[in-house]
Amino acid sequence: MPKLERLQIELTSRCNERCVHCYIPQNDGNQHMDSDLLWSVLDQCRDIGINQIILSGGEPMLHPDFWKVIEHANWNNCRVRVFSNLTLLDDNMANELKKWKVHEVQASLYSVEPAIHDAVTRLPGSCEKTKRGIETLHEKGVPVFVSCPITKINKDSYPGVLFFAQGLKIGSVPDNMIMAQSNGNGGNLEYRLNIDEALKVIQNVLDNDTAYDAERFSPRYHNPDTALPCVQGLCKNAVCINAKGEVVPSPEWYYVLGDLKKQTLRDVWENSPRLKQVQNITLADFPKCQSCLDIEFCGMNLGLNANENEAGDPFVIPKHICELARATRELVHSHKNKQKEAA
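**Quick look at the overall build of the protein chain**
Item 1. Within the protein chain, the regular secondary structure consists of 14 helices and nine strands.
Item 2. In the protein chain, which comprises 343 residues, the share counted as buried stands at 51%.
Item 3. Counted over contacts in the protein chain with a minimum sequence separation of 6, partners at least 24 positions apart contribute 70%.
Item 4. For the protein chain, the exposed area adds up to about 16000 Å²; of that, 48% sits on carbon and sulfur atoms.
Item 5. Considering the protein chain, the positive charge centre built from 37 side chains and the negative charge centre built from 44 side chains are found 2 Å apart.

**Looking at the pairing of strand β5 (residues 144–149)**
Item 1. Counting buried residues in β5 gives five out of six residues, a clear majority hidden from the surface.
Item 2. Of the strand pairs in this sheet, strand β4 (residues 104–108) and β5 are connected by four bridges, and their pairing is parallel. Along β5, the bridge assignment pairs Ala-107 with Val-146.
Item 3. Here β5 runs beside strand β6 (residues 172–175); their pairing, made up of four bridges, is parallel. Each residue of the ladder has a partner; that of Cys-148, found in β6, is Pro-174.
Item 4. As a crossover connection, the stretch from β5 through helix α6 (residues 159–168) into β6 is right-handed.

**Let's talk about the side chain of Gln-181**
Item 1. Examined against the element boundaries, Gln-181 turns out to sit in the loop between β6 and α7 (195–208).
Item 2. Classification of Gln-181 by relative accessible area gives buried; the value is 11%.
Item 3. Ignoring sequence-local partners within four residues, the contact set of Gln-181 consists of Cys-22, Tyr-23, Ile-24, Pro-25, Gln-26, Asn-188 and Asn-307.

**What to know about the nonpolar core**
Across soluble globular proteins, you tend to see nonpolar side chains buried next to one another.
Item 1. Within the largest apolar cluster, 86 residues are counted, with the highest numbers of intra-cluster contacts made by Ile-9, Ile-53, Ile-134 and Leu-265.
Item 2. Not counting residues up to four positions away in its chain, the partners in contact with Ile-9 are Met-33, Leu-38, Val-41, Leu-42, Ile-53, Ile-54, Leu-55, Ser-56 and Ile-241.

**Looking at the packing of α7 against helix α14 (residues 319–342)**
Item 1. In the contact formed by α7 and α14, the axes pass within 10 Å of each other and the chain directions differ by 35 degrees. For the crossing formed where α7 meets α14, the hand is right-handed. For the pair α7 and α14, contact is made by Ile-195, Ala-198, Leu-199, Ile-202, Gln-203, Leu-206 and Asp-207 and by His-320, Glu-323, Leu-324, Ala-327, Thr-328, Leu-331, Val-332 and His-335, respectively.

**Section: the sheet that holds strand β7 (residues 238–241)**
Backbone-to-backbone hydrogen bonds join strands into a sheet, with any given pair of strands oriented parallel or antiparallel.
Item 1. Read from one edge to the other, the open sheet built from nine strands follows the order β6-β5-β4-β3-β2-β1-β7-β8-β9, with strand pairing classed as mixed. Only two strands of the sheet have a single neighbouring strand rather than two, namely β6 and β9 (258–259).
Item 2. Across two bridges, the pairing between strand β8 (residues 246–248) and β9 is antiparallel. Note on β9: the bridge partner recorded for Glu-246 is Asp-259.

**A few points about the pattern of salt bridges**
Item 1. According to the stated counting rule, one finds 14 salt bridges in the structure shown.
Item 2. Three or more residues joined by partner-sharing salt bridges are found here, namely Lys-155, Asp-156 and Lys-200.

**A closer look at the pairing of β7**
Item 1. Residues Ala-238 and Cys-240 of β7 are buried on one face, and the alternating residues Val-239 and Ile-241, pointing to the opposite face, are buried as well.
Item 2. Both strand β1 (residues 6–10) and β7 contribute to a ladder of four bridges, which runs parallel. Note that in β7 the partner of Ile-9 across the bridge is Ile-241.
Item 3. Sheet topology note: the β7/β8 ladder contains two bridges and is antiparallel. Residue pairing in the sheet places Cys-240 in a bridge with Val-248 of β8.
Item 4. Once β7 ends, the chain turns through four residues before running back antiparallel as β8, passing Gly-245 with a positive phi of about 90 degrees.

Definitions and cut-offs
Residues numbered from 1 in each chain as written. Predicted model: local features only at pLDDT ≥ 70, side-chain atom pairs only at ≥ 80, totals over all residues. Heavy atoms only, no water. Helix = DSSP H or I, 4+ residues; strand = E, 2+ residues; numbered from the N terminus. Buried < 20%, exposed > 50% of the residue type's maximum accessible area, 1.4 Å probe, protein only. Contact = heavy atoms within 4.5 Å. Areas by Shrake-Rupley, 256 points an atom, 1.4 Å probe, with all protein chains shown as cover. Lys, Arg positive; Asp, Glu negative; His and termini not counted. Charge placed at Lys NZ, Arg CZ, Asp CG, Glu CD. Pairing = 2+ DSSP bridges. Right-handed = clockwise from strand over helix to strand, strands pointing away. Core = buried A, V, L, I, M, F, W, Y, C linked by side-chain atoms within 4.5 Å. Axes fitted to C-alpha atoms, helices over the stretch in contact; angles between N-to-C directions. Left-handed = near helix turned anticlockwise from the far one by under 90°. Salt bridge = Lys/Arg side-chain N within 4 Å of Asp/Glu carboxyl O.

So, in structure tokens, the structure goes:
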């Protein structure tokens, strides 16, 4: 049996932002994880020997016990990461994150132009607060990483985010994949890039970030018997606990594997039939994918599949994903041929 090594804990579904593309349904956004359950989970993590905990939300800093959690989770060799919009961060909070040696803080920044960023988050003033939070953490020596989900709103201004991060010499990554909400509501998909818009982003990446090119767009599936990474890695050594105390494969895929109000984390990990089912998913469960020429460029994701299917079926791949994989392959091959010709 694989070892449970990493746990993502959604401390709360509450958030002070209302991002237009968020996969968390708005009607789920008003619950903190019960504190007694939270302490129990953290104690179980220590007993199991989990070596990485990700604290997320919603906005995790809204949980009244956030700072106690940071302290409680700081046992030997356990890396603590925080996913936050940083709008609530002040200098004292940054000092606390440094004090407890948080492994990394990840923040989403959509644009360095306040009007555009704030249009995505629907929180006036959030751009300047998030930028200031990133800069403060960097100055304090707290490792920080910038994520930049790309929507129709910020599709022309996201490069400024990457330049901002480069100026601070911190990591950043653009992400052009938006998925439907975890309850199957696809209303947020009106903000997802169409194929042409996504290709423009990919072309920009190919032209300006060779390291990202090598990681994301180079062939990775040399053996047809090997599962796609998004299938192979799911639940192999990690799960997520939502604010309700339910164990799910990942934050975006609401497929309940167990309930920690009734079971222990170890019990779910070792005995959940649903978890074993997910662990055993391989590329063989996607027959058409095995011979697909575009598989090396596929961004297929089980949660995305389930959220965009009326029946919640994770094995049905949305048409958009296949079309984007095909277009990406053609674009990348054309780009590499041009590079060879110019050499």
